[in-house]
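What the coordinates show
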Amino acid sequence: MTSILEQLLSVFWLRPETAVWRYLDTEAMRRFEFEGRSLDFGCGDGIFSFIRARGQFTAEFDAFQKTERLDRFYQNVDVFDAYDESYVPLVASPASYQISVGFDHKANLLRKAAVLNFYKETVEGDGNAPLPFDDNSFGSIFSNIVYWLDNPAEVISELRRILVPGGKICLMLPNETLPQYSFYNSLYVETKDEQWKWLELLDRGRLSDNIKQSKSDDDWRQIFSSAGLSVSHHSQHLPKVVIQAWDIGFRPMFPALMNMVAGVEPDKLPGIKAEWVRALRMFADPLTAIGERNDQSSAFHCYILTK
Ligand SMILES: C[S@@+](CC[C@H](N)C(=O)[O-])C[C@H]1O[C@@H](n2cnc3c(N)ncnc32)[C@H](O)[C@@H]1O
């Protein structure tokens, strides 16, 4: 069995910055376990939660098997929002548990999640609308998408409604420091200096959206308490250097890398990928070690909340 970091580097080999971030998420979530009927709210393609649950993919599999519109990558198109029957997640061993429901608004991502056989059910819906679930119907909920939504306070109160008394919610939410660590925000948005306008190409709408929801611990706690949730655990993760490495990463070259990989002879690809992942470890290992040194300046909060 390979480690979670090794799995993430193999699956996200062309975007190692994602692997490092997601590994540090799994570390931050260590104290959270799914119990009872469980919900992955904004599950996407399910790959993150599957790997966190110790599911293993074969070395041939990656998260880039089915993408579309790579030519529009720099116009902020979600190139992963694509699915057809050619998408086969090459599962080497199943996860150690299943999640009852995977919820997302993108049908293609949910189809990818469904073929993992990791979610008992997938439900398509809009997280900005009242949720299509009964009151008190989940024992545990995980979400790292609340800050993508229009009104986090409303969503958090919806999540409380569907949670059983005594149930647990694990949320990943941006800290107020996040915008300061974004090259796009600190060099261009804050200064309006036109020489940095090109950073829009790097940001691709990511931090420009999330920044709206970056809050201090006190401000998030205020929202939880108004929603009737108490904090049973809080930690911070993703320090400045990790966010800055992620902010650039291999992102700028992603469409070109994808085209290059498509041109590699299939029998040569496993060897190239193995060498690539070995090289990534030289950087990912020390970076994830640095990433474990956290304080109040780290860019994300991880909360475990109880009703
Ligand atoms: C950062 S991804 C996280 C996906 C997954 N949880 C993971 O860790 O890889 C954000 C997810 O939120 C979903 N999402 C964004 N807005 C949404 C909405 N209004 N309703 C439901 N899902 C939404 C996206 O489709 C995407 O899958």
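To be clear, the structure that these remarks concern was listed above.
A brief look at the structure comes next. (Residues numbered from 1 in each chain as written. Predicted model: local features only at pLDDT ≥ 70, side-chain atom pairs only at ≥ 80, totals over all residues. Heavy atoms only, no water.)

A closer look at the sheet that holds strand β8 (residues 230-237)
Put simply, the rule is: Being paired, for any two strands, means DSSP has found at least two bridges between them. Comment: elements are numbered from the N terminus, with helices defined as DSSP H or I runs of at least four residues and strands as E runs of at least two. Helix axes use the C-alpha atoms of the stretch in contact, all axes being lines fitted to C-alpha atoms, and the angles between their N-to-C directions lie in the range 0 to 180 degrees. Contact definition: two residues touch when any of their heavy atoms are within 4.5 Å.
Ordered in space as β5-β4-β1-β6-β7-β9-β8, the seven strands form an open sheet in which the pairing is mixed. Of all strands in the sheet, those with a lone pairing partner are β5 (119-124) and β8, marking the two edges. Averaged over all pairs of adjacent strands, the angle between their axes in this sheet comes to 15°, without regard to strand direction. With five bridges joining them, strand β6 (residues 138-143) and strand β7 (residues 163-174) adopt parallel strand pairing. Note on β7: the bridge partner recorded for Ser 140 is Lys 168. Sheet strands in contact with helix α2 (residues 16-28) are β7, β8 and β9 (300-306), and its direction is about 145° off that of β8. Its contacts with the sheet place helix α4 (residues 107-114) against β4 (99-104) and β5, and it is angled at close to 175° to β5.

What to know about unusual backbone geometry
For Arg 69, which is not glycine, the phi dihedral falls at a positive 55°. Of note, the phi angle at Arg 204 is positive, near 50°, even though the residue is not glycine. In this structure, Arg 204 sits in the loop between α8 (199-203) and α9 (206-210).

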